[in-house]
Amino acid sequence: MNKRTFFIFAFAIALIAPVLTASPAGATPWINGDYLARWVFWGLRHQVAPSDDYKMFPYRTIDNAPPAYQFPRAPAAGAIPVEVEYKDGDAIKRVALDELLESTGTHAFIVTKDGKLLDERYLNGYQRDSICISRSVAKSFTSALVGIAIDEGFIKSVDDPIINYLPELKDRGFDAITIRNLLTMGSGIRYRISSLPWDEDALYYFYPNLRNLLLSDMEVAEPPGNAFHYTDYNVGLLAIIVERTTHRTVSEYLQEKIWKPIGMEYPATWSLDSVQDGLELTHVALNARAIDYAKFGQLYLDKGNWNGRQIISERWVTESTAPDPNDHRRWETYPQWADAGGYYKYFWWGNSRGADYSFEAIGRWGQFIFVAPRANVVIVRTAGNLGLDIEQWSQVFQYIANFVSHGEQSGGAARIDALLKQAGSKD
C-alpha cells in the first residue's frame, strides 16, 4: 500500500473506530480498539520513519558479555571492487559501489573474507553504534534458536507435529502441520500479505496479544507441504514452542546461546507485542548493530563453530541453508525468487549455482546478511529502503564475493565477464 492510500484508509478507520470497537470483543481480531489505534497512529509513524519502528514497541534487552569479539582487519587496498554489476532487464548495469550504496538509502555495509574485515562503512547519518532494524532478518535468528533447542533435546525433531507443543491447536485442522512445515513456509495457514487492517500481515505486526491471535484466530487454507506461502504466523508459533520447551523467553535464549558466547559488541533489543503479553516479534523486530549481524553471518559461514566452540550444530546449519533437490513445491508468494533459481530453507533464502550456493537472511526494506561459503565471504547491508530488487542485490553481493575471492590479479574485461556469469545473473 502506498503512503497516500494508507493515509486515506487511516483517516477512514479513525472515523469509524468507535463504532467498530463497540462490537462484541470476540467478533474478529481486527475489531480491537488497541489494535486499531496502533494501526492508525503507529502506522502513520511507520510510513514516515520505518527505520525507527523499534522506538514504538516495548522490548526485552539482550545483553552482551565483554570483551567483544573484533574482526581482524585485512589489508584494504584493492580488496573491494570500485564498481559492481547486476542485471537490469535484459541489460547489464554497471555502477560505482559508493554511488549505489548512497543512492539506495544504505545505512551500513560490511564485507568479511576469511573471517577478516575487508570493508565497513556507514552512510546516511548512521554510525557503528547505530541501531539497525532487522525486519525479516530476525527470522534467521529464530531459526537458529529452534536448531539449538533441537540440539539440546528440548524439541525432539523438525518432523514433530506442532500440536505436540501447542495442544490448543489440536482437532482444529492443524494436526498435520510439522515444525518443518513452519520452517519452510509450507504450513498452509492462511496469511494475506497486505497492510490493510483486516489482513494477517498488518495484524501480526500491530496486534497487542499475538499469543491469542496465534492460538485462537488462525485458519488453515490448504494442506501443509503443498506450496511455498510466506507466512509470519509460522515464526510466532515457533517462538511459543521455543519458550515452552526451553522455559526461557526467546530473548533470554538468544542472549545465553548466541549473543554472549560469540562476543557481540553491543546489547540488542527484541521488540514485544505488548508488555502484558510479552511475546517477541520474532519475525521482524530484532534491533541490533550491523557489526553484530556480521558475526551471526560468520557463525553460519563457519557451520555453527565460533573459535573452536560449536554454538549451533553443523548438521543444523547445513540442513537450514543448503539446497534441497527434493523440494518441488509451487510458489504462491515471491515466485520471482524461484523463477531466478532460488530456494528457501528454514528462514534462509538461497541461490544455487551448480555445486556452489549462497544463502541470505533478508528483511523487507533491504536488510541482508549474505553468506557465500565457497568464497568464504559474509556481506551485511542494512537500510530503510530496498533501492534495488532483492534479486539484483543478490547479484551485487555475489559479484563482490567473487571479486574478493578471485583477487585483483585476474583483472581485465575477461575477469569482469567471468565474475558476472558467476554472480547469479539468471535468465
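Just above sits the structure.
Focus on the sheet that holds strand 9 (residues 286–288)
Strands sit in the order 1-8-9-6 across an open sheet of four strands; the sheet is antiparallel. Strands at the two margins of the open sheet, each flanked by one partner only, are strand 1 (59–62) and strand 6 (132–133). Pairing geometry for strand 8 (residues 268–271) and strand 9, over two bridges, is antiparallel. Considered in strand 9, the bridge of threonine 269 is made with asparagine 287. Seen against the sheet, helix 4 (residues 137–151) touches strand 8 and strand 9 and runs at an angle of roughly 95 degrees to strand 8. The sheet strands contacting helix 9 (residues 250–259) are strand 1, strand 8 and strand 9, and the helix crosses strand 1 at an angle near 15 degrees.

Focus on the packing of aromatic side chains
Remark: the centre distance and the inter-plane angle together describe each pair of aromatic rings, the angle taken between the planes. Scanning the model with the defined rule gives 32 aromatic pairs in all. For the ring pair tryptophan 30 and tryptophan 198, a centre distance of 5.3 Å and an interplane angle of 70 degrees mean the geometry is edge-to-face. In this pair, tryptophan 30 is assigned in the loop between helix 1 (3–20) and helix 2 (33–48) and tryptophan 198 in the loop between helix 5 (179–183) and helix 6 (200–206), connecting sequence segments 168 residues apart. You can call tryptophan 30 buried: its relative accessible area is 16%. Taken together, the aromatic side chains of Phe141, Trp259, Tyr293, Phe296, Tyr300, Trp348, Tyr357 and Phe359 make up a single cluster linked through ring pairs. Positioned above the aromatic ring of tyrosine 205 is the side chain of arginine 135, whose terminal nitrogen or guanidinium carbon lies 4.9 Å from the ring centre. Over the face of the ring belonging to tryptophan 365 we find arginine 135, whose NZ or CZ atom lies 4.4 Å from the ring centre.

Brief notes about the sheet that holds strand 17 (residues 377–383)
Read across the open sheet, the seven strands follow the order 5-4-17-16-15-14-13; overall the sheet is antiparallel. Each edge of the sheet is formed by a strand with only one pairing partner; in this case those strands are strand 5 (116–122) and strand 13 (342–345). Neighbour-to-neighbour, the strand axes of the sheet open up by a mean angle of 15 degrees, direction not taken into account. Contacting strand 4 (106–113), strand 5, strand 14 (348–353), strand 15 (356–363), strand 16 (367–372) and strand 17, helix 10 (residues 290–301) crosses the sheet at an angle of about 145 degrees to strand 17. Across the face of the sheet, helix 13 (residues 390–406) comes into contact with strand 4, strand 5, strand 14, strand 15, strand 16 and strand 17 while running at roughly 40 degrees to strand 16.

Comments concerning the pattern of salt bridges
What the rule picks out here adds up to 30 salt bridges. For the salt bridge of glutamate 85 with arginine 94, the shortest nitrogen-to-oxygen distance reads 3.6 Å. Classification of glutamate 85 as buried rests on a relative accessible area of 6%. The salt bridge partner of aspartate 114 is lysine 113, with a shortest N-O separation of 3.0 Å. Through salt bridges with shared partners, a single network forms among Arg190, Arg192, Asp199, Glu200 and Glu219.

Calculation criteria
- Residues numbered from 1 in each chain as written.
- Predicted model: local features only at pLDDT ≥ 70, side-chain atom pairs only at ≥ 80, totals over all residues.
- Heavy atoms only, no water.
- Pairing = 2+ DSSP bridges.
- Helix = DSSP H or I, 4+ residues; strand = E, 2+ residues; numbered from the N terminus.
- Contact = heavy atoms within 4.5 Å.
- Axes fitted to C-alpha atoms, helices over the stretch in contact; angles between N-to-C directions.
- Phe/Tyr/Trp six-rings, centres within 6.5 Å; stacked < 30°, edge-to-face > 60°.
- Buried < 20%, exposed > 50% of the residue type's maximum accessible area, 1.4 Å probe, protein only.
- Lys NZ or Arg CZ within 6 Å of the ring centre and 35° of its normal.
- Salt bridge = Lys/Arg side-chain N within 4 Å of Asp/Glu carboxyl O.

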